[in-house]
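Understanding the architecture of this molecule
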Amino acid sequence: MDLLSDLNPEQRKAVTIQRGPILILAGAGSGKTRVITYRIAYLLHKKYAKPENILAITFTNKAADEMRTRIFKLLGDSHRMWIRTFHSTCARILRETSERIGITRNFTIYDEHDQLSLIKDCLHDCNIDTKAITPATVLSCINKIKQNLASSDHIDDELIRVLYKQYNKKLGDYNAVDFDDLILKTVELFRTDENVLMRYQNRFKYILVDEYQDTNRAQYELTKLLAAKHRNLCVVGDDDQSIYSWRGAEIKNILDFEKDFPDAVVIKLEQNYRSTKTILKAASGVVENNEYRKPKILWCDNDVGERLEVFEAVDAYNEAAYVARKIMELKLQDFNLGDIAVFYRINYQSRVFEECFIKYQIPYEVIGSLKFYERAEIKNVLAYLKVVTNPRDSVSLKRIINIPSRKIGYTTIEKVLSYGKEHNLTLYESLLQIEKITSIDRKTKKRIQDFVAMINGFIELSDTLSLYEFVLEIVKDSGYLESLAQEKTEREYIRRKNVEELLISIKDYAKEYPDATLRDYLADVSLRSEIDEWNATDERVNLMTLHNAKGLEFDIVFITGLEDGLIPHYKSQYELKQYEEERRLLYVGITRARKKLFLTFARQRDLFRGDFTYTTLSPFFREIPVDVFATTMESGLEM
DNA sequence: CAGGAGGGGCTTTTT
DNA sequence: GCCCCTCCTG
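Criteria and cut-off values
Residues numbered from 1 in each chain as written. Chains lettered and ligands numbered in written order. Predicted model: local features only at pLDDT ≥ 70, side-chain atom pairs only at ≥ 80, totals over all residues. Heavy atoms only, no water. Phe/Tyr/Trp six-rings, centres within 6.5 Å; stacked < 30°, edge-to-face > 60°. Helix = DSSP H or I, 4+ residues; strand = E, 2+ residues; numbered from the N terminus. Lys NZ or Arg CZ within 6 Å of the ring centre and 35° of its normal. Salt bridge = Lys/Arg side-chain N within 4 Å of Asp/Glu carboxyl O. Buried < 20%, exposed > 50% of the residue type's maximum accessible area, 1.4 Å probe, protein only. Contact = heavy atoms within 4.5 Å. Pairing = 2+ DSSP bridges. Axes fitted to C-alpha atoms, helices over the stretch in contact; angles between N-to-C directions. pLDDT = per-residue confidence, 0-100. Disulfide = S-S within 2.5 Å. Parallel < 35°, antiparallel > 145°, perpendicular 65-115°, else oblique. Nonpolar A, V, L, I, M, F, W, Y, C, P; charged D, E, K, R; others polar.

The final tally for this structure, using the stated rule, is 19 aromatic pairs. Each ring, one from Phe59 and one from Tyr244, has its centre 4.9 Å from the other, and the planes form 50°; the classification is tilted. Taken together, the residues Phe59 in the loop between strand S2 (54-58) and helix H3 (61-75) and Tyr244 in the loop between strand S7 (233-237) and helix H11 (252-255) connect sequence positions 185 residues apart. Ring geometry for Phe311 versus Tyr322: centroids 4.1 Å apart, planes at 5°, classification stacked. With a gap of eleven residues between them, Phe311 in strand S9 (residues 309-313) and Tyr322 in helix H14 (residues 316-332) connect regions that are remote in the sequence. Three or more aromatic residues link up through ring pairs in this structure, and these residues are Trp82, Phe190, Tyr200 and Phe204. One Lys or Arg, Arg95, reaches over the ring of Phe107 and ends 6.0 Å from the middle of that ring.

Right, let's talk about the pattern of salt bridges for a bit. A full pass over the atoms with the stated rule returns 47 salt bridges. When the shortest N-O distance is used, the salt bridge between Asp627 and Lys281 registers 2.8 Å. Separated by 346 residues along the polypeptide, Asp627 in the segment after strand S16 (612-614) and Lys281 in helix H13 (residues 277-287) bring together distant segments of the chain. For Asp627, a relative accessible area of 43% translates into the label partly exposed. For Lys281, a relative accessible area of 40% puts it in the partly exposed group.

To continue, consider the side chain of Glu581. Counting through the fold element by element, Glu581 comes out in helix H26 (residues 576-590). When near neighbours in sequence (up to four residues on either side) are disregarded, Glu581 contacts Ser242, Ile243, Tyr244, Ser245 and Trp246.

Before going further, it helps to spend a moment on the sheet that holds strand S8 (residues 265-269). Overall, parallel pairing links the six strands, which are arranged S3-S2-S6-S7-S1-S8 in an open sheet. Edge positions in the sheet fall to strand S3 (82-85) and S8, since each has one partner strand and no second. The sheet shows a mean angle of 15° between the axes of neighbouring strands, taken without regard to direction. Across the sheet, helix H2 (residues 32-45) lies against strand S1 (22-26), S2, strand S6 (206-209), S7 and S8, angled at about 170° from S6, the strand it touches most.

With that settled, consider the confidence of the model for chain A. Averaged over chain A, the pLDDT score is 89; the fraction of residues at 70 or greater is 95%. For chain A, the element scoring lowest by mean pLDDT is helix H25 (residues 530-533), at 66; S6 scores highest, at 97.

Under the definition given, this model contains zero disulfides. Note on Cys126: no disulfide assigned, nearest cysteine sulfur contributed by Cys122 at a separation of 6.6 Å.

With that settled, the discussion passes to the packing of helix H16 (residues 376-389) against helix H20 (residues 442-461). The interhelical angle for the contact between H16 and H20, taken along N-to-C directions, is 75°, at an axis separation of 9 Å. Taken together, H16 and H20 sit at an angle that is classed as roughly perpendicular. Here Tyr384, Val387 and Val388 of H16 come into contact with H20, specifically with Met454, Ile455, Phe458 and Ile459. For the contact of H16 with H20, the class distribution of residues is seven nonpolar, no polar and no charged.

Note: strands within a sheet are paired through backbone hydrogen bonds, in either parallel or antiparallel orientation. The six strands are arranged S9-S14-S13-S10-S12-S11 in an open sheet whose pairing can be described as parallel. Two strands close off the open sheet at either side, each with one partner strand: S9 and strand S11 (364-367). Direction aside, the axes of adjacent strands within the sheet are offset by 20° on average. With four bridges joining them, strand S10 (residues 340-344) and strand S13 (residues 554-559) adopt parallel strand pairing.

Structure, rendered in C-alpha cells:
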C-alpha cells in the first residue's frame, strides 16, 4: 500500500500495528493527525476492520470533519464510521438507548447559560441569596463532580450536595441533560446495562482517541469501558499540550496509560515537520521548565528560519498598531492574510485589535468571543424549537413565553410555577391547566391560552413541514421576526440579520443532511463550537485565544499580551499545576507557527474601561533562549 | 402587573 | 461592554 511511503518509520509503526493498545506520544507538529487518518485507512484497507467498527474521537467537531474529509480522500468512502467528539458520540449513544436511563429521545442539551438559569432557579427555590454563593460557583462545583464521576454522597459541602440533587432533579423533570451529563450518563448506562455495553463493544472493534492529554475522568472511564473487550485502543496526545485541566482534564490519563495497559506499545513521534529550528528552540526553552512532564526532545530538519521579533508596546492600542503595521508589511511580502494569526490569553483582548484593524482596513475574523449560537436572538429561536420537540424543557419555555412581549410577566410565571409545584406538574402542563389557577386574572389567562395554542399548533406542524419551512413558520407566526423588524436601533437590526443568518444556515444544513430531523438539528447545533464554524480563508487575519489555537497552524503567528498576570493569568499564578499549564499554553501558541513568530507585550493595560495598570513582563518570556531573538528590536527592551 | 430606564458590578480559558 | 438589579410609570 503506497500510503505508507508518506510516513517515517515511527509513524509507519503506529499505522500498521494490527491490534492491542497503543500509546502515541506525538510532539507538536509531528504529524499525529496524519497517523490517525492513515491508521484508519490502513485498518480498512487490510480488512482488519469494517467502517462501522471504527470509533475515532476528536477534540472538536471541526477536527472530526477534517479527519472525515482526509479519510474520504484516501479511501473514497467515510460512511458508517463514527468520527466525533466525546460529547457528540455520547449524545448519539444516549439517543439510541435513552429510554433505559429515564429520558426520552427528545431530550434537550443545556449549555452553560441554560445551566446557570437552572441553578438560579434552584437557589431561588431553596431561598438562598446569590450573594451567599454565586450561581457560577455552584456551576463549577456541579461540573467538577460530574467530570470526575464523583458520587453525590461524597460531597462534603452540605449546600452543594442539596443544590446538586435539586439541579439534577430538575434536569430529569425537564427531560434535559447538560454537557457533562452526556458523558456521565453514558458511563452509568454502560456500567448498569451489560447488554448495551456489549452491543457497543462489539461494534467498535477499533477505538482511536486524539488529544488524549485533555480527557477528563469520565471520558477516560468511558474509553476504558468501550475498549475493554477488543482492547484495540489507540490514544494519541502530548502531555506538553494539556491545557484543559480547568475543564476537568487529567494529564495523568496519558502519563499513566502504560499502567492501565501494561502491554501497550509506546511510540514516540519526535520529529517536527511544521516549524523552523528557531521557533522550535524557543518553544523547547519554555516548556523544559515544567516539572510535570515526560522528558522528550523535539527536533526538526527544517530551516533555521528567521529570528523572533519582539515589541514592547506602551499600551494595548500601541500593541495592536504594531501588529497591524507588521501585517501590512507581510502582505507586501506576498503572505496571505489567512496565513497570519493573532493569539491572546483572554477574549476581551480581541476588542482593541478589532478597532485597530478596522482603522487600518485589515480584514480579520475573530474566532470565539461572541459565539453565534450563544447570542440571545439565536437562543430565542432555538428555544422555540426546543420547546416544540420537548415541551417539558421549562428553561426554554420560560425563555420564550414572553418573547416577543405577550404581557405575560414575572409575577404570572411565579403563580403558574407554584401551582405546578403543588400539583407536581411541569411548567407546560401547568399552562395547559391555566383555567384552574384562581389567582390569575381573565386577561392574562387568555394570553396564556393563546400562547399554548400557538405552541400546540407548532407541535402539530412539525411533522408536516420541512425543517427550514418549519423554522420559518415559527419565527413568523410567533411574531418574533416582526418584533425585530422595527429596526429602531442598530442593535435590533443586527439581531434580525443574525436570525436571517440562522435561517440560511438551517437551509444549508437541510441541504447537507436531507434526512435530518428537527431533533438531529438541535443536537448538532447544541454541540457546535465557534471553531467548528470557522472556515479558513486566504483573505482574513485570524484572531483567537491560545486555547482555540490548539491543533491549528499558521505561517505567521503573533502572541500578544506576554505580561505577568495575563500569561500566566493572575488566577493561575499560585498553584504550580495551574502555573505549569499556563506555560504549556504559551508552548502551544509558539508551536503553531510555521515560519515566523512575533511576541508582544504592553507596559500598561486597561483591565476594563479606564482603569490602567502597569504591567511586568511574563516570566515565561525570560525562559526563551536569547539567541533566537532578532538583534534589531523596535524598542529598548530590558532583558 | 408589565416593562422600560438608569445605575452598579464584574470579566480566563470552553465541549 | 454586558448583565442584573432597582425604581418608576402607565
